[in-house]
Amino acid sequence: RSPMLEQKSRPLPEPVPEANTRELIAVAGRLVALMRRETAAVRAVSSESLAGLVSEKATLVEAFATLTRAFHRDPETVAAVTDALRGELEDTFVEFEATARDNERTLAAAREANESVLRAVVSAAEAQRPRAQGYGRTGTAPAPLKPTDRRIGPVAIDRRL
């Protein structure tokens, strides 16, 4: 094969977006608003509204990451940012980080609560499942369990986050 053909068969690199401070601030602001809605939906145990938020969040996170990478590749743009815009950018990032931490804590608490309920359900199901009965040392079947021998512990669920 000729080198010319090999170059044509390689995929083209993705275009690098221009580092745009205003766009980064706008995307970060939208992401902050979305994380707040997601946190509120999780705290309200509103799974209907969570479904739409997840895909929108993924899109915004990707846009945010792409814009952030563009800034890392273009230090001249960062150096050219005015003091007023730099202050707005810093304020946006402070708010973003605080909201992201709150969102992460809420999601982790919800995940732990769901896993705890699931463990309780599995444990209760296991306690109700009939055990395989073999034969004892004497060759006779063991006596079946009495209903009073089965114990199910109480389960309490705290829905507050």
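Whatever comes next refers back to the structure up there.
All of the points below concern the structure found in this document.

Looking now at the nonpolar core. In globular proteins that are soluble, nonpolar side chains generally tend to be buried together. Ranked by internal contacts, the top residues of the largest apolar core, which has 18 residues, are Leu24, Val27, Leu31, Leu60, Phe64 and Phe96. Of all the secondary structure elements, the ones that give two or more residues to this core are α2 (21-43), α3 (47-73) and α5 (83-128). Of all the elements, α2 adds the most residues to this core, at nine residues. Residue contacts for leucine 60: discarding those within four places in its chain leaves Val27, Arg30, Leu31 and Leu34.

Two numbers describe how α2 lies on α3: the axes approach to 9 Å, and their chain directions differ by 150°. For the element pair α2 / α3, the angle class is roughly antiparallel. Here α2 and α3 pass one another in a crossing that is left-handed. Residue classes in the contact of α2 with α3 are distributed as 16 nonpolar, three polar and six charged.

With that settled, consider the pattern of salt bridges. Pairing is possible between side chains of opposite charge, provided their charged atoms come close. Inspection of every chain in the model, using the stated rule, returns eight salt bridges. For arginine 43, the salt bridge goes to aspartate 102, with nearest N and O atoms at 2.9 Å. Taken together, the residues span a long stretch of sequence, with arginine 43 in helix α2 and aspartate 102 in helix α5 at a distance of 59 residues. Between arginine 69 and glutamate 62 there is a salt bridge whose closest N-O contact spans 3.6 Å. Take arginine 69: its relative accessible area is 38%, and that puts it in the partly exposed class. On the accessibility criterion, glutamate 62 (47% relative accessible area) is partly exposed. The network of salt bridges with common partners includes Arg43, Asp102 and Arg105.

This part is about α2. The first and last C-alpha atoms of α2 sit 33 Å apart over 23 residues, in line with the 33 Å expected at 1.5 Å per residue. A distance of 3.1 Å separates the backbone nitrogen of arginine 22 from a side-chain oxygen at the start of α2, and that oxygen is part of asparagine 20. With its phi angle positive at about 50°, valine 45 sits one or two positions after the end of α2.

Before going further, it helps to examine the packing of aromatic side chains. Using the criterion set out here, one finds two aromatic pairs in the structure. Summarising the aromatic geometry, the rings of phenylalanine 64 and phenylalanine 93 are spaced 6.0 Å apart at their centres and angled 70° between planes, so their arrangement reads as edge-to-face. You can see phenylalanine 64 sitting in helix α3 and its partner phenylalanine 93 sitting in helix α5, a full 29 residues away along the chain. Exposure remark for phenylalanine 64: the relative accessible area of 12% places this residue in the buried category. For phenylalanine 93, a relative accessible area of 24% gives the class partly exposed. Plain terms: the ring middles of phenylalanine 64 and phenylalanine 96 are 4.7 Å apart, the flat faces sit at 25° to each other, and that makes the pair stacked. Here the residue phenylalanine 64 occupies a position in helix α3, and phenylalanine 96 occupies one in helix α5, the gap between them amounting to 32 residues. An aromatic cluster is present here, built from Phe64, Phe93 and Phe96 joined pairwise through their rings.

Each value, and the rule that gives it
Residues numbered from 1 in each chain as written. Predicted model: local features only at pLDDT ≥ 70, side-chain atom pairs only at ≥ 80, totals over all residues. Heavy atoms only, no water. Core = buried A, V, L, I, M, F, W, Y, C linked by side-chain atoms within 4.5 Å. Buried < 20%, exposed > 50% of the residue type's maximum accessible area, 1.4 Å probe, protein only. Helix = DSSP H or I, 4+ residues; strand = E, 2+ residues; numbered from the N terminus. Contact = heavy atoms within 4.5 Å. Axes fitted to C-alpha atoms, helices over the stretch in contact; angles between N-to-C directions. Parallel < 35°, antiparallel > 145°, perpendicular 65-115°, else oblique. Left-handed = near helix turned anticlockwise from the far one by under 90°. Nonpolar A, V, L, I, M, F, W, Y, C, P; charged D, E, K, R; others polar. Salt bridge = Lys/Arg side-chain N within 4 Å of Asp/Glu carboxyl O. Expected span 1.5 Å × (residues − 1). Polar contact = N/O pair within 3.5 Å; in protein donor to acceptor, adjacent residues only side chain to side chain. Phe/Tyr/Trp six-rings, centres within 6.5 Å; stacked < 30°, edge-to-face > 60°.

Read these as layout, nothing more, since geometry by itself doesn't imply function.
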